[in-house]
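As a plain string of letters, each chain reads:
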Amino acid sequence: MSGGPLAIVLFCHSLESDWNHGNAHFLRGLCRALQERGHRVAVHEPRDGWSRAHLLAEEGGEAALQGFRRVYPDLASHLYDLETLDLDRVLDGADLVLVHEWNPPELVRRLGEHRKRHPGYSLLFHDTHHRSVSEPASLAAYDLDGYDGVLAFGGAVRERYLKRGWAERVWDWHEAADATVFKPLPEIPRESDLVWIGNWGDGERTAELQEFFLEPARILRLRADAFGVRYPAEALAALRTAGVEYRGWLPNHRAPEEFARHRFTIHVPRRPYVEALPGIPTIRVFEALACGIPLIAAPWRDSEGLFQAGRDYLPARDGEEMRRWMWELAADPALGAELAAHGRDTILARHTCGHRADELLAVHSELTEPALREVAS
């Protein structure tokens, strides 16, 4: 507790599977960064987790798990069954416990009750979803009594927790890029134009994808690829009409290769983020910029000043402006190189998982220092 290594325990839906589970991206980098700082990290995920089950049902799913282990040989999860999970055992000696919001409400409740009986560690809830704004009633299922506070991945989420009285202490804690994995790969030739890595969006951005992705690709006749899962038949038909090649699910550790193969990428946020959670980009923005690929963004309001529009990325107000930026990037490699270099510098200066690990450790110190002062007095 006095500056030595901490025993940190993380409960998440999955660390090993990122099938339709983007939160795994950040959590992997966070765990690695904490371990690089000398701390011990134990990760627990459900044996029957939805993402893991879908991954293993995917063709090449087991190979993807093996690929994760090759890229992250320092990371592993303990698989648990909720009915038999012994919290006294797994939390023995813990200093800091982090509970991601995509966990069963029963587990969230049990952890809070355990913390009240064993006050020797800090317990934090980590929210990286728009439900606090779009589906506030769903958060009533989470009992945060016993928690020391909430880590919210943006100011809009933090304000919602405070305004509704869901927590007394809430910190801004944005996602970030794992710079140990997401970096430029100059040895891979840029052989195509546009890449989009993301899921179709359950109707939350269908019109936006049409305007900012498919129509520009069709009109400009770009060599374009799309990666992701949960693409319904109408989405696949729209891709074919636009001349975009659908390439299925892509393990996240392979995304840097695809960014390296393409000249530029785009950010098309889901509507709930644009309308209700300004200032919160998807983690793909951090990862793309870390990889040194030029990025064009559909409209979103960077209300928290994470990036510099026009220098880190190109803002497109409508489909016509998106087409113009795509045309300019395809025609002017120097513009793309300048944009990519500035964006990567911004990530390395402010938005790596190492930065977020330090912020988490600062929160832990804030929570424990008063207790240490009491003991000292």
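Residues numbered from 1 in each chain as written. Predicted model: local features only at pLDDT ≥ 70, side-chain atom pairs only at ≥ 80, totals over all residues. Heavy atoms only, no water.

J.: Which parts of the structure should I look at to understand the sheet that holds strand S13 (residues 314-315)?
T.: For sheets, the rule is that strands pair by backbone hydrogen bonds, running either parallel or antiparallel. Taken together, the 6 strands give an open sheet; going across it, the order is S10-S9-S8-S11-S12-S13, and neighbouring strands pair in parallel fashion. The strands lining the two open edges of the sheet, one partner per strand, are strand S10 (244-246) and S13. One ladder, built from 3 bridges, connects strand S8 (residues 192-197) with strand S11 (residues 262-267); its direction is parallel. Residue Leu194 lies in a different strand from S11, and its bridge partner there is Phe264. Sheet contacts for helix H9 (residues 233-242): strand S9 (224-227) and S10; angle to S10, the most-contacted strand, approximately 140°. (Pairing = 2+ DSSP bridges. Helix = DSSP H or I, 4+ residues; strand = E, 2+ residues; numbered from the N terminus. Contact = heavy atoms within 4.5 Å. Axes fitted to C-alpha atoms, helices over the stretch in contact; angles between N-to-C directions.)

J.: I keep staring at helix H8 (residues 206-220) and nothing clicks. Help me out?
T.: An α-helical turn contains 3.6 residues, so a residue and the one three or four places further along point in the same direction. With 15 residues, H8 extends 20 Å between its outermost C-alpha atoms, agreeing within 8% with the 21 Å of an ideal straight helix rising 1.5 Å per residue. If you look at H8, its biggest bend is around 35°, right at Leu214, and the proline Pro216 turns up within four residues after that. Along H8, the residues classified as buried are Glu208, Leu209, Phe212, Phe213, Leu214, Pro216 and Ala217. (Expected span 1.5 Å × (residues − 1). Bend = angle between axes of the 7 residues up to and from the residue. Buried < 20%, exposed > 50% of the residue type's maximum accessible area, 1.4 Å probe, protein only.)

J.: How do you make sense of helix H13 (residues 319-331) when you look at a structure like this?
T.: Taking 1.5 Å of rise per residue, the 13 residues of H13 would be expected to cover 18 Å, and the 18 Å separating its terminal C-alpha atoms lies within 8% of that figure. Those residues of H13 not exposed but buried are Gly319, Glu321, Met322, Trp325, Met326 and Leu329. Angularly, the buried residues of H13 cover 160° about the axis, an arc narrow enough to put them on a single face. Among the exposed residues of H13, those pointing more than 90 degrees away from its buried face are Glu320, Trp327 and Ala331. (Arc of directions from axis to C-beta.)

J.: Would you mind going over the sheet that holds strand S3 (residues 77-80) with me for this structure?
T.: Ordered in space as S3-S2-S1-S4-S5-S6-S7, the 7 strands form an open sheet in which the pairing is parallel. The strands lining the two open edges of the sheet, one partner per strand, are S3 and strand S7 (170-172). Across the sheet, the mean angle separating the axes of adjacent strands is 25° when strand polarity is ignored. Bridging between strand S4 (residues 96-100) and strand S5 (residues 122-127) involves 5 bridges; their strand directions are parallel. Of the residues in S5, the one forming a bridge with Val97 is Leu123. Helix H1 (residues 23-36) contacts strand S1 (7-11), strand S2 (40-46), S4 and S5 of the sheet and is inclined by roughly 155° relative to S2.

J.: For this particular structure, what's the right way to read the nonpolar core?
T.: Side chains of a nonpolar character, in soluble globular proteins, are inclined to be buried together. If you look at the biggest cluster of nonpolar residues, it comprises 53 residues, and the most contacted ones within it are Leu30, Leu124 and Phe307. Apart from residues lying up to four places away in sequence, Leu124 is in contact with Leu96, Val97, Leu98, Val99, Tyr147, Asp148, Gly149, Leu151, Trp171, Leu360, Val363 and Leu367. (Core = buried A, V, L, I, M, F, W, Y, C linked by side-chain atoms within 4.5 Å.)

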